[in-house]
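Reading the structure
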Amino acid sequence: MKITEEIDARGLRCPLPVLRAQKRLRDLAPGTCLRLLADDPMAQIDLPHFCHESGHELLSSQQDGATHVFLIRKPA
């Protein structure tokens, strides 16, 4: 799996990480993977919910110190 896009949303508070992901995913080709970095605790709730509601696939969600790393694939 090739990660072709990354968003560093550290320092941004809800709902900005989700809005940044939504905007970037809209412009990506189907099947593209996006990695998003966030340190807002609400991102752990908001990004999985966004993926579920919008049809994007949340491939992984991991904690790396204070940063939460999300891997999202745009549906084909």
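You'll find the structure just up there.
An account of the accompanying structure is given in this report. Computed from a prediction, not measured in an experiment: that's the story for all the values here.

Concerning the pattern of salt bridges
A full pass over the atoms with the stated rule returns five salt bridges. Salt-bridge contacts for Asp-39 lead to Arg-13; the nearest nitrogen and oxygen are separated by 3.5 Å. Here the residue Asp-39 occupies a position in the loop between β2 (33-38) and α2 (43-54), and Arg-13 occupies one in the loop between β1 (3-8) and α1 (16-27), the gap between them amounting to 26 residues. A salt bridge links Glu-57 to Arg-73; the shortest N-O distance between them is 3.1 Å.

Thoughts on the sheet that holds strand β4 (residues 67-73)
With mixed pairing, the four strands of this open sheet are ordered in space as β1-β2-β4-β3. Only two strands of the sheet have a single neighbouring strand rather than two, namely β1 and β3 (57-64). Each strand axis lies, on average, 20° off the axis of its neighbour in the sheet, ignoring direction. Each of β1, β2 and β4 touches α1; the most contacted strand, β2, lies at about 165° to it. Against the sheet, α2 makes contact with β2, β3 and β4, and its axis sits at roughly 5° relative to β4, the strand it touches most.

Overview of the nonpolar core
Formed by 16 residues in total, the largest nonpolar core has its most connected members in Ala-21, Leu-25, Leu-36, Leu-47, Phe-50 and Phe-70. Non-local contacts of Phe-50, meaning those with residues more than four positions away in its chain, are made with Val-18, Ala-21, Gln-22, Leu-25 and His-56.

Quick word on unusual backbone geometry
Between Cys-14 and the following residue, Pro-15, the backbone shows a cis peptide bond with an omega angle of 5°. With respect to the helices, strands and loops of the structure, Pro-15 is situated in the loop between β1 and α1.

Thoughts on the environment of Arg-24
Note on placement: Arg-24 falls in helix α1. Of the residues examined, Arg-24 reaches a relative accessible area of 30% and is grouped as partly exposed. For the pair Arg-24 and Ile-7, spaced 17 residues apart in sequence, the C-alpha separation works out to 8.5 Å.

Rules and cut-offs
- Residues numbered from 1 in each chain as written.
- Predicted model: local features only at pLDDT ≥ 70, side-chain atom pairs only at ≥ 80, totals over all residues.
- Heavy atoms only, no water.
- Salt bridge = Lys/Arg side-chain N within 4 Å of Asp/Glu carboxyl O.
- Helix = DSSP H or I, 4+ residues; strand = E, 2+ residues; numbered from the N terminus.
- Pairing = 2+ DSSP bridges.
- Axes fitted to C-alpha atoms, helices over the stretch in contact; angles between N-to-C directions.
- Contact = heavy atoms within 4.5 Å.
- Core = buried A, V, L, I, M, F, W, Y, C linked by side-chain atoms within 4.5 Å.
- Buried < 20%, exposed > 50% of the residue type's maximum accessible area, 1.4 Å probe, protein only.

Read these as layout, nothing more, since geometry by itself doesn't imply function.
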